[in-house]
Amino acid sequence: MADETENEDNLVPANDRIIPISIEEEMKAAYIDYSMSVIVSRALPDVRDGLKPVHRRVLYGMLDLGVTSSKPYKKSARIVGDVLGKYHPHGDSSVYDTMVRMAQDWSLRYPLVDGQGNFGSIDGDSPAAMRYTEARLKKIAEEMLADINKDTIDYQLNFDDSLQEPTVLPTKIPNLLVNGASGIAVGMATNMAPHNLSEVIDGTIAYIDNRDIEISELMQHVKAPDFPTGGVIYGHAGVQDAFETGRGRVVMRAKAEIEVSKGDRETIIVTEIPYQVNKADMIKRTADLVNDKKIEGISAIRDESDREGMRIVYEIKRDANASIVLNNLFKYTSLQTSFSVNNIALVHGRPMLLNLKDMIHHFVEHRHEVIIRRTKFELAEAEKRAHILEGLLIALDHLDEVIQLIRASETPEDARIGLMEKFGLSDIQARAILDMTLRRLTGLERDKIKEEYAELMKTIEYLKSILADEGLRMKIIKDELLEVKEKYGDERRSIIVHSAEDMRMEDFIDDEEIVITISHEGYVKRTPLTEYRIQARGGKGSLGSTTKEEDFTEHIITASAHNYMLFFTEAGRCFWLRAFEIPEGTRTSRGRAIQNIINIPKEEKIKAYIKVKNLKDQEYLENNFIIMCTKRGTIKKTSLEAYSRPRANGINAININEGDQLLEASLTNGSSEIVMALKSGRAIRFNESTVRPMGRTATGVRGVTLAGADDEVVGMISVDNNDVTILVVSEKGYGKRTDIDDYRVTNRGGKGVKTLNVTEKTGQLVAIKGVTDNDDLMIINRSGIVIRIAVSKLRTMGRATQGVRLINLKETDQIASITKVEHEDEVIENLDDVVVGDDAIADDTSTSAASDDNQPEDQQKEDEEND
């Protein structure tokens, strides 16, 4: 058995035995080796020159091949083959793709390769094959390779140990900052934004002058990233985070302008898009969103880009607001994107997260080392040359003896040894003397040698002073940076605008008085109040708005640009808007569809509004109320606080019964008196306190009893000032003022009292307003004509009178709406207060204000019943 065991052991030689190892440990070791290789040798840039190995090898290979900016272009295939064969043992596509990207002016802020031929496009088109394109170095790339042959950097063996390649370039350009970098390693990634060369150099010089400089001070020079495609950096908070911590989110927007073409058609013109956005894909996806109705208001998209520059045209529909469409494009398309900054780079071979100051610091340290090594190299070369010149000068001083010694020597070697022994020369000096031509013996040549030696001594002294003085070295760095800035510095391409998060929009809006006009079909605009002028009563009026057929102006609202507006629809929903957010238009323009400004359903119309000063003041919200009334006579009271936080899609303000709709809304202080007027010419007055506050979803209570099935409420006012008079207007242009005391306070829910003697001549009641002598009256009819008169020129008269003619109407025209505005200093002349149609008033021939005692008998009975 023992023999058998021995034989079995002998079957396997000792050097072929299998060594058992843990697969877990082996995988860990292999994966760590792989990940470190990717991190150090592939995916992350070096903090000093901002290049990954493949970029560095391409630039060095092109220099090695001699394709500099002053030489002719060479085929890309030749360059790629050279880099592959000498330095980069990977696929040819990786080298060519790298070279192509370094030639694209939309990929790199400062391209390093000068390409000739098809190198792709911003639309994502592929470059031509390498056999068709040509390339050479850009002038700025040569600044990155400058002094590379002066022992300024370390070299390493290439993949097959046959050649030396640089470990870093002695760059004069702070390339990591100006061109940025991106890469995905194992367990980490980098994404560094490009910056403006002039700004970075200014910041670097500021750092050299003050090593303790704060990042906030550096940001006075390096303001933000500067992308190759330009565009707009929207907001500064993300930029600040990136500069201070190395991580941040920079929001980028396209550069877009709204142009108005003939016929008031608006177009959005985009001339610059965000960095790394594929233009063709962006246009296609936008068209898909338009077709799917996710973005509305665009009728056509055209790409009119050419060699002169980019131009993307979005045609806007007539009823759309270009500003709103543009905001939707920013929200849903690549016209707005973000760049996530993650500044990870290799520092001494280890990945580190770097802020702005760190990156500048490491670049300055690198340049400092390059200057020292370059100076030492130049000093050594100068001293070598000086040593030779010293030997030549010795020979010239003893010329006859040197010639005699050389002539007497049998061989050059004997002459060399003889010179060294007789004159104490070094081997190098002796060889230089022997290599000297006869022409150097002339007097002129001898003087040149002496001058060259004197200059060399000055150079050697200067180079030694550089090595001895760090301040002088820093000055050299600054001077060379300023020279680079002078050659290659340019203006910033990406502009910086503050976002809504950075500051309040109203800080940029003048708080002027405006008129907001809403048409029956839902078109809205704002116009400066100064565009309207006062006219005499009975005049033809001025054109207030141009509307399409069957549309007419329904609401005229006076407001301040900083006011908050609450819009109430006929269905009882409330929407919130700032007055300055309403698109501005001229007095004669049509306006924009309100559905394009706020998310109002197309089938709903704006029927009422509330103008409030502030929705943030809690005390103000709790002490004010909204009173609403419907066409069928329902009234409801709710605290303003319930409407202080509207949502984008609106909120329910009142529950509307079937067949009814919201008519009017008013802001009150809780103790106002309410007057509601009916189409039939009657009105009711009651105290607000008789209506208890309710929640937003409540229906409300009865405010007035209608005179019949065809009757309806035409308006409601809240009165908290005894100086207020009641102004009513009929559909055929008649109106009048009446003291509020002529309307007795009753309980809500009654039939009311007569407020206007409705006849065929006057037409039915269309509006009621509370006015004083400090107001002007603006009247708009259905054809869009507006007239403005001073209320103080209308005298007060009785409830039962027919009133005076306020505006001359065509036979087919009617009054649409009225509103009051602040009185202007201009006074209306030639206004005679004549009561029109007194003969139509039964048993009342007086043109003065009628009291309850001299009213017609039937009217007194009606009022008594209501009381």
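Worth saying up front: this structure is predicted, and the values here are computed from it rather than measured. (Residues numbered from 1 in each chain as written. Predicted model: local features only at pLDDT ≥ 70, side-chain atom pairs only at ≥ 80, totals over all residues. Heavy atoms only, no water.)

The next thing to look at is the environment of lysine 317. Assignment of secondary structure puts lysine 317 in the loop between β13 (312–316) and α12 (322–332). Separated by 51 residues in sequence, lysine 317 and glutamate 266 have C-alpha atoms that sit 7.7 Å apart. (Helix = DSSP H or I, 4+ residues; strand = E, 2+ residues; numbered from the N terminus.)

What follows covers the sheet that holds strand β2 (residues 113–116). In spatial order, the strands read β1-β3-β2; together these three strands make up an open sheet with antiparallel pairing. With one partner strand each, in any of the chains shown, β1 (74–75) and β2 form the two edges of the open sheet. In this structure, β1 lies alongside strand β3 (residues 134–137), joined through two bridges in antiparallel fashion. Opposite lysine 74, over in β3, you have alanine 135 as the bridge partner. (Pairing = 2+ DSSP bridges.)

Turning our eyes to something else, we now look at the UniProt feature "active site" (unreviewed entry) in the chain. Here, UniProt's "active site" (unreviewed entry) annotation points to Tyr132. Summarising the element assignment, tyrosine 132 is placed in the loop between β2 and β3. (UniProt positions renumbered as here; feature names shortened; annotations may be inferred.)

Within this structure, the stated rule accounts for seven aromatic pairs. With centroids separated by 6.1 Å and ring planes inclined at 45°, the aromatic side chains of tyrosine 31 and tyrosine 34 adopt a geometry described as tilted. With tyrosine 31 and tyrosine 34 both in helix α2 (residues 23–43) and three residues apart, the pair spans about one turn of that helix. Here tyrosine 34 falls in the partly exposed class, since its relative accessible area comes to 42%. Members of the aromatic cluster, connected to one another through ring pairs, are Tyr60, Tyr87 and Tyr155. (Phe/Tyr/Trp six-rings, centres within 6.5 Å; stacked < 30°, edge-to-face > 60°. Buried < 20%, exposed > 50% of the residue type's maximum accessible area, 1.4 Å probe, protein only.)

Interhelical geometry of helix α13 (residues 356–397) versus helix α16 (residues 427–435) gives an angle of 60° and a closest axis separation of 8 Å. In terms of orientation, α13 and α16 fall into the oblique class. As α13 packs across α16, the resulting crossing turns out to be right-handed. Judged by residue contacts, His387, Ile388, Glu390, Gly391, Leu392 and Ala395 of α13 engage Ile428, Gln429, Ala432 and Ile433 from α16. For the contact of α13 with α16, the residue count by class is six nonpolar, three polar and one charged. (Axes fitted to C-alpha atoms, helices over the stretch in contact; angles between N-to-C directions. Parallel < 35°, antiparallel > 145°, perpendicular 65-115°, else oblique. Left-handed = near helix turned anticlockwise from the far one by under 90°. Contact = heavy atoms within 4.5 Å. Nonpolar A, V, L, I, M, F, W, Y, C, P; charged D, E, K, R; others polar.)

What follows deals with the pattern of salt bridges. Considering all chains together, one arrives at 44 salt bridges under this definition. For glutamate 452, the salt bridge identified is with arginine 385, shortest N-O distance 2.8 Å. With glutamate 452 in helix α17 (residues 443–468) and arginine 385 in helix α13, the pair connects residues that are 67 residues apart, well separated along the chain. Residue classification places glutamate 452 among the partly exposed positions, given a relative accessible area of 30%. With relative accessibility at 31%, the residue arginine 385 sits in the partly exposed group. Here aspartate 427 and arginine 431 are joined by a salt bridge, their closest N and O atoms 3.0 Å apart. Taken together, the positions of aspartate 427 and arginine 431, both in helix α16 and four residues apart, correspond to about one turn of that helix. Look at arginine 431 and you get partly exposed, because its relative accessible area is 42%. When salt bridges that share partners are traced, they join Asp147, Lys150, Arg367, Arg374, Glu378 and Glu480 into one network. (Salt bridge = Lys/Arg side-chain N within 4 Å of Asp/Glu carboxyl O.)

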